[in-house]
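What the coordinates show
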Amino acid sequence: MFAPIDYDILIIGGGMVGASLACALGNTALRIGIIEAVPFNASAQAQPSYDDRTLALAYGSRRIFEGMGLWPALVGATTPIKKIHVSDRGHFGVTHIDCADEGVEALGYVVVSRTLGQTLMQALHALPHVDLICPAQLTNITTSTDHAQVIVDQNGEQRTLTARLVVAADGGKSAVREQLKIPTRTWDYHQTAIITNITPQHPHNNIAYERFTSTGPIAMLPMSDNRCAVVWTVASNQADAVMRLTDEAFLAGLQNAFGHRLGRLQKTGMRHAYPLVLTRALEHVRPHLAVIGNAAHTLHPIAGQGFNLGLRDAAALAQVIVEAQRAGHDIGSLDVLNHYAAWRRADQIRAIAFTDSLVRVFTNPLAPFALGRNLGLLAVDLLPPLKHLLARQTMGLVGKLPRLARGLGL
Ligand SMILES: Cc1cc2nc3c(=O)[nH]c(=O)nc-3n(C[C@H](O)[C@H](O)[C@H](O)COP(=O)(O)OP(=O)(O)OC[C@H]3O[C@@H](n4cnc5c(N)ncnc54)[C@H](O)[C@@H]3O)c2cc1C
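In what follows, the accompanying structure is described. (Residues numbered from 1 in each chain as written. Predicted model: local features only at pLDDT ≥ 70, side-chain atom pairs only at ≥ 80, totals over all residues. Heavy atoms only, no water.)

Considering the pairing of strand 13 (residues 207-213)
Extensive coverage of strand 13 is indicated by the burial of seven of its seven residues. Here strand 13 shows no split at all, with Ile-207, Tyr-209, Arg-211 and Thr-213 on one side and Ala-208, Glu-210 and Phe-212 on the other all buried. Bridge count between strand 13 and strand 14 (residues 216-222): five bridges; the pairing is antiparallel. Across the sheet, residue Phe-212 finds its bridge partner in strand 14, namely Pro-217. Counted along the chain from strand 13 to the antiparallel partner strand 14, the turn is two residues long. (Buried < 20%, exposed > 50% of the residue type's maximum accessible area, 1.4 Å probe, protein only. Helix = DSSP H or I, 4+ residues; strand = E, 2+ residues; numbered from the N terminus. Pairing = 2+ DSSP bridges.)

Below, the structure written as structure tokens:
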């Protein structure tokens, strides 16, 4: 006699992407377990997914949360992005994207990741078929012909759990990837993102600014109370010095790099630093295993694509699982999972190429590059089809979209 399988799906990592997948599948009859190492209520510094980072949610991600029924709970905590302004410090190129030209009420929405986490956790706790196993840490995983088995450490005790499908959503340093020796390609940008909030002198008018400088890009995202969320990318060997600056010196340095579009930058909050790498897992599926979110691809935050891409992974995987289940197929079979991986490949490659080429082109100091990229910015501004394409990529609306991203239920 075979032992019964504990779960249909075990999700390793209850961060933004893993928790979103569980919420997407929450109203099905599938038995779902989420193994999360750090309690949600841990301090913002300790919980790696739901920290003080501010996220730009693409318009397409709003649609996915609508499809999942979570948007009404989230919308009150978001600030809409009506326009995006892209510029290159010290050069002439500028591009503007306007939600009115795209026929949408906003190009995206800014939310603090901890607030997004609260919404996801509240939704998870209300789902009868979902067990949140936390704090618990994956220590071992094996796959066999008909299931996957994981060993987790929960309060010092080892628990063995089985599932028809294990989903690795355990972030950029994925333990699942390491245990199963899934090969990766990693590129160190030697850049560090420093995040904080500032209050500018002038109203932000719901405009998001992306400004490229010779040391790395600066994103300035609109928030409530006329604050702006700042992601300032600096060379990693400068990061410690920037982190140690007094608030006054930090504001002066940021003002110098960003310019005066928002008037004087007057007040700043706590700073946090994130070293930046590009990591790509070379396999995203194996029998009874799928790898999604940052575990599959960790991107530079330059264009705010990382979580949006991971959320589309979750929405597509949820759809493939539900369709396979309805058709009576094994949700962990390689055929089913290959369908998911093939579907997602183009979107993932596009997002990686988009962010990576932005970083490389805009940090290249050579004069021909600077001229080329500024002509490129102008061309985008002057050619509506090109601008529309850039806007669709930024809004997460390119390629074959999952049902949830079209605002439909599963
Ligand atoms: C500065 C910065 C700004 C960003 N801005 C944006 C933005 O504007 N828009 C956007 O779309 N994206 C943005 N991103 C990217 C976004 O933060 C990530 O893409 C997103 O956090 C990925 O979510 P995830 O759930 O895949 O991984 P994570 O957020 O890393 O979550 C992984 C989870 O797995 C858990 N875990 C890890 N190992 C184990 C284990 N062994 N056992 C159990 N649990 C485990 C962790 O505790 C964690 O909760 C930004 C990133 C940075 C660094």
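Some thoughts on the sheet that holds strand 3 (residues 54-58)
Hydrogen bonds along the backbone pair up the strands of a sheet, which may run parallel or antiparallel. Pairing within the open sheet is antiparallel, and its three strands lie in the order 3-7-4. Bordering the open sheet on either side are strand 3 and strand 4 (79-81), each of which pairs with just one other strand. Each strand of the sheet is rotated relative to its neighbour by a mean of 30 degrees, with strand direction disregarded. One ladder, built from three bridges, connects strand 4 with strand 7 (residues 108-112); its direction is antiparallel. Each residue of the ladder has a partner; that of Thr-79, found in strand 7, is Val-110. Against the sheet, helix 2 (residues 59-67) touches strand 3 and strand 7, its axis set at about 80 degrees to strand 3. (Axes fitted to C-alpha atoms, helices over the stretch in contact; angles between N-to-C directions. Contact = heavy atoms within 4.5 Å.)

Things to note about helix 2
Taken residue by residue, helix 2 has Tyr-59, Gly-60, Ser-61, Arg-62, Ile-64 and Phe-65 as its buried positions. Within two residues after helix 2, Gly-69 carries a phi angle of roughly 80 degrees, on the positive side.

Some thoughts on the state of the cysteines
For the structure on display, the rule yields zero disulfides. No disulfide involves Cys-134; its nearest neighbouring cysteine sulfur is the one of Cys-23, lying 14 Å away. With a relative accessible area of 25%, Cys-134 lands in the partly exposed category. Cysteine Cys-228 shares no disulfide, and the gap to the nearest cysteine sulfur, in Cys-99, comes to 17 Å. (Disulfide = S-S within 2.5 Å.)

Section: the nonpolar core
One finds Ile-9 and Phe-65 to be the most contacted residues of the largest nonpolar core, which totals 92 residues. At 12 residues, the largest contribution of residues to this core is made by helix 9 (residues 306-326). With near-sequence residues (within four places) excluded, Phe-65 lies in contact with Ser-20, Leu-57, Leu-70, Trp-71, Leu-74, Leu-116, Leu-120, Phe-307 and Leu-311. Membership of the second largest hydrophobic core comes to 23 residues, among which are Tyr-7, Val-152, Val-166 and Leu-180. (Core = buried A, V, L, I, M, F, W, Y, C linked by side-chain atoms within 4.5 Å.)

Details of the site of the ligand
Looking at the ligand, there are 33 residues lining it, with Glu-36, Ser-49, Arg-53, Ala-56 and Asn-294 nearest. At a separation of 3.1 Å, a nitrogen atom of the ligand approaches a polar backbone atom of Leu-138. At 2.8 Å from an oxygen atom of the ligand is found a main-chain nitrogen or oxygen belonging to Phe-307. Expressed as a share of its isolated accessible area of 1,000 Å², the protein-covered part of the ligand is 91%. Of all the secondary structure elements, the ones that give two or more residues to the shell around the ligand are helix 1 (16-24), strand 3, strand 9 (137-143), strand 12 (184-200) and helix 9. Partitioning the shell around the ligand into residue classes produces 17 nonpolar, 13 polar and three charged. (Near = heavy atom within 4 Å. Polar contact = N/O pair within 3.5 Å; in protein donor to acceptor, adjacent residues only side chain to side chain. Areas by Shrake-Rupley, 256 points an atom, 1.4 Å probe, with all protein chains shown as cover. Nonpolar A, V, L, I, M, F, W, Y, C, P; charged D, E, K, R; others polar.)

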